[in-house]
Amino acid sequence: MNLVALNIDTIPLGQPLPFVLRGSNGVLLAQRGYVIRNREELNQLVARGLNLCVDTDESGDSHRAYLAQLQKMLFTDTSLGQIAAMKITAGASAGRDRATAANGPPDWPELQLRSTQLLRAPPPAGEFGERFEALHGELARHCAATPDATLLALIYLSGQEMQQYSGTHAMLVACVCMIAAAEHLRWPVPRVLQLGRAALSMNIAMTTLQDQLAVQTQPLSTQQLADIESHAARAEALLRQLGVGDPVWLEAVRSHHQRAPGPFAAKSEAQQLARLIQRADIFAARLAPRASRAPMPVTAAMQATYYDEAHQVDEAGSALVKALGVYPPGAFVRLATQEVAVVLRRGASATTPRVAVVLNRNGMPTGEPIPRDTAQAAWKITGAVALRDVRVQLPLSRLLALV
C-alpha cells in the first residue's frame, strides 16, 4: 500500500468518488463510487481526525494525474515548500469537472457508475431530481450529437457487463428509445426526453435485484419472482416519492411490462412510450450476458424486438429496428471475406453499416481495426457473430475514435 494525502477541497461532492478513499493508516473509508453528499459529511470525516488518502497502487489515473502535476511544478521552478505541500487532487483523478462533463466527450465507465449508484440507492427527492436530470441530460445530449458513438459504446458494453448490468441496461434502453423516437418517429424534443426519462427509471425498484440476477446461476426464488412481477408498480410508487409528478412518465413506467400488441396509433401517449420501452427492453436484455447464459447475437435480439406476442410485425419494434439498422453500432458481424468486424456506424441501408475488421479470415487479431465498406459486394455482411466467438478485446476508446 502506497498512501498519498488527498486535498479535501477537491473531493467531488454529490458525485461518485473516482477512487477508494482511505485514512492515513490505510483503513477503508469509502469505496470507489461512494457519494459524499455535502460538505457537512466531508467535515465529519475530517473531524474524526482522519487524513484522507488515496492508495496509489489502486488509484490508477489519480496517481498519474498527481505525478503529472508534480512534474509540472518541478519544471516551472516551483518552490520546494509548495511542492512538499502539494496533495493529490480528486478533480484531476476524475478526469474532468462538472462543466467538462456537461460539454465534453462521454466517460462511459463513469456514466455506468453514476447510473448504477443513482438507481440502486436513490437519494432524497430534491437531490434525486437534480442528479437524475444531470444523468438523463448528458445521455440525451450524446444521443442527439453523436448517436452512432453512443449506440456503439452502450451495445459494446452491454455485451460484456454483468457487475453493473442494471445501470448499463437502463442507459441503453433510454438511448435506443430516444434515438428511434427522434430519428424515425420524428417526435418533438420534449416527448423524446419524456420517453428517455421513463426508460432510464423503469427498473428503479429492482436495480439491486437485476444486478444480482445477472450473476445468479440458481433458479429464481418465489420472492424474486414476486419482486419481478411487482417491480413496475413499485417503480411508479417510488418515483412519486422521489418527486416525479409527470403522469405520462409515471404511467409509462407502470405499464412498460404490459403485453399490449396492436396498432400504435390507437394507443395513448403513455402507452406508446411504454410499448417502445418494452420492445427496447427486450432487445437490450438479449444482448447482455448472464452467469447462466451467453448473450444472443444481435440479429436474434432484433428479431425478438421486431415481432410481437402474436408473431406479427410490431410497430414499435419496427421503428427501433429501422432506426438502429439490422446490425447496429457495437455489434460484431462476419463479412463475405470471412473476416470478423465490429460495426462502427449505421449505413445508407439497414444492412450496410460502416465496420472495422478486428479478426482476419484465419481468426487472428488484425492489431489495428481495418475499415470496410459493407455496401461493396466483396465485404458484404453474411451474418452476425456472437461476442463469445470474438476472441479479442479492444479498448472502447479505440473503437470510438474510428466512428
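I will try to describe carefully the structure that is included in this document. Bear in mind the structure is a predicted one, so any value in this text is a computation, not a measurement.

1. Notes on the overall build of the chain
Logical step 1: A count of helices and strands for the chain gives 18 helices and nine strands.
Logical step 2: Burial analysis of the chain (403 residues in total) assigns 50% to the buried set.
Logical step 3: For the chain, contacts bridging at least 24 residues in sequence account for 62% of all contacts bridging at least 6.
Logical step 4: Put simply, the chain shows about 18500 Å² of open surface, and 53% of that area lies on carbon and sulfur atoms.

2. A look at unusual backbone geometry
Logical step 1: Although it is not a glycine, Arg 186 adopts a positive phi angle of roughly 60°.
Logical step 2: For Arg 186, the location among the structural elements is in the loop between helix H10 (165–183) and helix H11 (189–201).

3. Section: the sheet that holds strand E5 (residues 332–335)
Logical step 1: The sheet built from five strands is open, its strands ordered E8-E7-E6-E5-E9 with antiparallel pairing. A strand with exactly one partner marks an edge of an open sheet, and here the two such strands are strand E8 (365–373) and strand E9 (381–385). Recorded for the sheet is a direction-independent mean angle of 35° between the axes of neighbouring strands.
Logical step 2: Sheet topology places strand E6 (residues 340–345) next to strand E7 (residues 354–359); five bridges connect them, and they run antiparallel. Bridge pairing in E7 places Ala 341 opposite Val 357.

4. A look at the pattern of salt bridges
Logical step 1: A complete count under the given rule lists 16 salt bridges for this structure.
Logical step 2: A salt bridge links Arg 279 to Asp 314; the shortest N-O distance between them is 3.9 Å. Remark: Asp 314 occurs in the loop between helix H16 (298–306) and helix H17 (315–324) and Arg 279 occurs in helix H15 (residues 269–287); sequence separation between them is 35 residues. Note on accessibility: Arg 279 and Asp 314 belong to one class, buried.
Logical step 3: A network of salt bridges, in which partner residues are shared, links Asp 148, Glu 183, Arg 345 and Arg 346.

5. A look at empty space enclosed by the protein
Logical step 1: Enumeration over the complete set of coordinates arrives at three cavities of 30 Å³ or more.
Logical step 2: Its volume calculated, the largest cavity comes out at about 150 Å³.
Logical step 3: Around the largest cavity, the lining comprises 13 residues; the ones closest to its centre are Leu 287, Gly 330, Ala 331, Phe 332 and Leu 387.
Logical step 4: Residues of the lining of the largest cavity, tallied by class, amount to eleven nonpolar, two polar and no charged.

6. Points about helix H13 (residues 222–241)
Logical step 1: Taking 1.5 Å as the rise per residue, H13 with 20 residues should run 28 Å; its terminal C-alpha atoms sit 27 Å apart, in good agreement.
Logical step 2: What H13 keeps buried is the set Gln 224, His 231, Ala 232, Ala 235, Glu 236 and Leu 239.
Logical step 3: Looking at the buried side of H13, the elements it contacts are helix H8 (125–145), H11, helix H12 (207–215) and helix H14 (247–255).
Logical step 4: In the segment just after H13, Gly 243 is the residue with positive phi, at about 100°.

7. Focus on the nonpolar core
Logical step 1: Judged by nonpolar contacts, the single largest core of 85 residues is most densely connected at Leu 139, Phe 283 and Val 358.
Logical step 2: At twelve residues, the largest contribution of residues to this core is made by H10.
Logical step 3: Non-local contacts of Phe 283, meaning those with residues more than four positions away in its chain, are made with Ile 155, Val 176, Val 298, Ala 301, Met 302, Thr 305, Leu 324 and Pro 328.
Logical step 4: In this structure, Ile 11, Leu 17, Leu 21 and Ile 36 belong to the second largest nonpolar core, which totals seven residues.

8. Observations concerning the side chain of Asp 314
Logical step 1: Of the residues examined, Asp 314 reaches a relative accessible area of 2% and is grouped as buried.
Logical step 2: Among the polar contacts listed, one links the side chain of Asp 314 to the backbone nitrogen of Ala 316, at a separation of 3.0 Å.
Logical step 3: Beyond its immediate chain neighbours, meaning those up to four positions away, Asp 314 contacts Arg 275, Arg 279, Thr 305, Tyr 306, Tyr 307 and Asp 308.

9. Here we look at the packing of H15 against H17
Logical step 1: Two elements in contact, H15 and H17, have axes whose closest approach is 8 Å; the angle formed by their N-to-C orientations is 60°. Here H17 runs oblique to H15, going by the angle between their axes. Between H15 and H17 lies a crossing of right-handed hand. Touching Arg 275, Leu 276, Arg 279, Ala 280 and Phe 283 of H15 are Ala 316, Gly 317, Leu 320 and Leu 324, all from H17.
Logical step 2: By residue class, the composition of the contact of H15 with H17 is six nonpolar, one polar and two charged.

10. A word on the packing of aromatic side chains
Logical step 1: This model, assessed by the stated rule, comprises four aromatic pairs.
Logical step 2: Their ring planes at 25° and their centres at 5.5 Å tell us that Phe 132 and Trp 249 sit as a pair that is stacked. Here the residue Phe 132 occupies a position in helix H8, and Trp 249 occupies one in helix H14, the gap between them amounting to 117 residues. Judged on exposure class, the residue Phe 132 and its partner Trp 249 are both buried.
Logical step 3: Between Tyr 306 and Tyr 307 the ring centres are 5.1 Å apart and the planes differ by 90°, which places this aromatic pair in the edge-to-face class.
Logical step 4: Tyr 306 gets classed as partly exposed once you look at its relative accessible area, which sits at 26%.
Logical step 5: The ring of Trp 187 carries the charged tip of Arg 191 above its face, separated from the ring centre by 3.7 Å.

11. Side note on the environment of Asp 211
Logical step 1: Locating Asp 211 in the fold gives a position in helix H12.
Logical step 2: A relative accessible area of 7% places Asp 211 in the buried class.
Logical step 3: Between the alpha carbons of Asp 211 and Met 162 there is a distance of 7.1 Å; along the sequence they are 49 residues apart.
Logical step 4: Polar side-chain contacts of Asp 211 include one of 2.8 Å to the side chain of Arg 120.

Cut-offs applied
- Residues numbered from 1 in each chain as written.
- Predicted model: local features only at pLDDT ≥ 70, side-chain atom pairs only at ≥ 80, totals over all residues.
- Heavy atoms only, no water.
- Helix = DSSP H or I, 4+ residues; strand = E, 2+ residues; numbered from the N terminus.
- Buried < 20%, exposed > 50% of the residue type's maximum accessible area, 1.4 Å probe, protein only.
- Contact = heavy atoms within 4.5 Å.
- Areas by Shrake-Rupley, 256 points an atom, 1.4 Å probe, with all protein chains shown as cover.
- Pairing = 2+ DSSP bridges.
- Axes fitted to C-alpha atoms, helices over the stretch in contact; angles between N-to-C directions.
- Salt bridge = Lys/Arg side-chain N within 4 Å of Asp/Glu carboxyl O.
- 1 Å grid on protein atoms, 1.4 Å probe; cavity = no way out; pocket = protein on both sides within 12 Å on 5 of 7 lines; lining within 4 Å.
- Points joined across faces, edges and corners; volume = space filled by probe spheres on them.
- Nonpolar A, V, L, I, M, F, W, Y, C, P; charged D, E, K, R; others polar.
- Expected span 1.5 Å × (residues − 1).
- Core = buried A, V, L, I, M, F, W, Y, C linked by side-chain atoms within 4.5 Å.
- Polar contact = N/O pair within 3.5 Å; in protein donor to acceptor, adjacent residues only side chain to side chain.
- Parallel < 35°, antiparallel > 145°, perpendicular 65-115°, else oblique.
- Left-handed = near helix turned anticlockwise from the far one by under 90°.
- Phe/Tyr/Trp six-rings, centres within 6.5 Å; stacked < 30°, edge-to-face > 60°.
- Lys NZ or Arg CZ within 6 Å of the ring centre and 35° of its normal.

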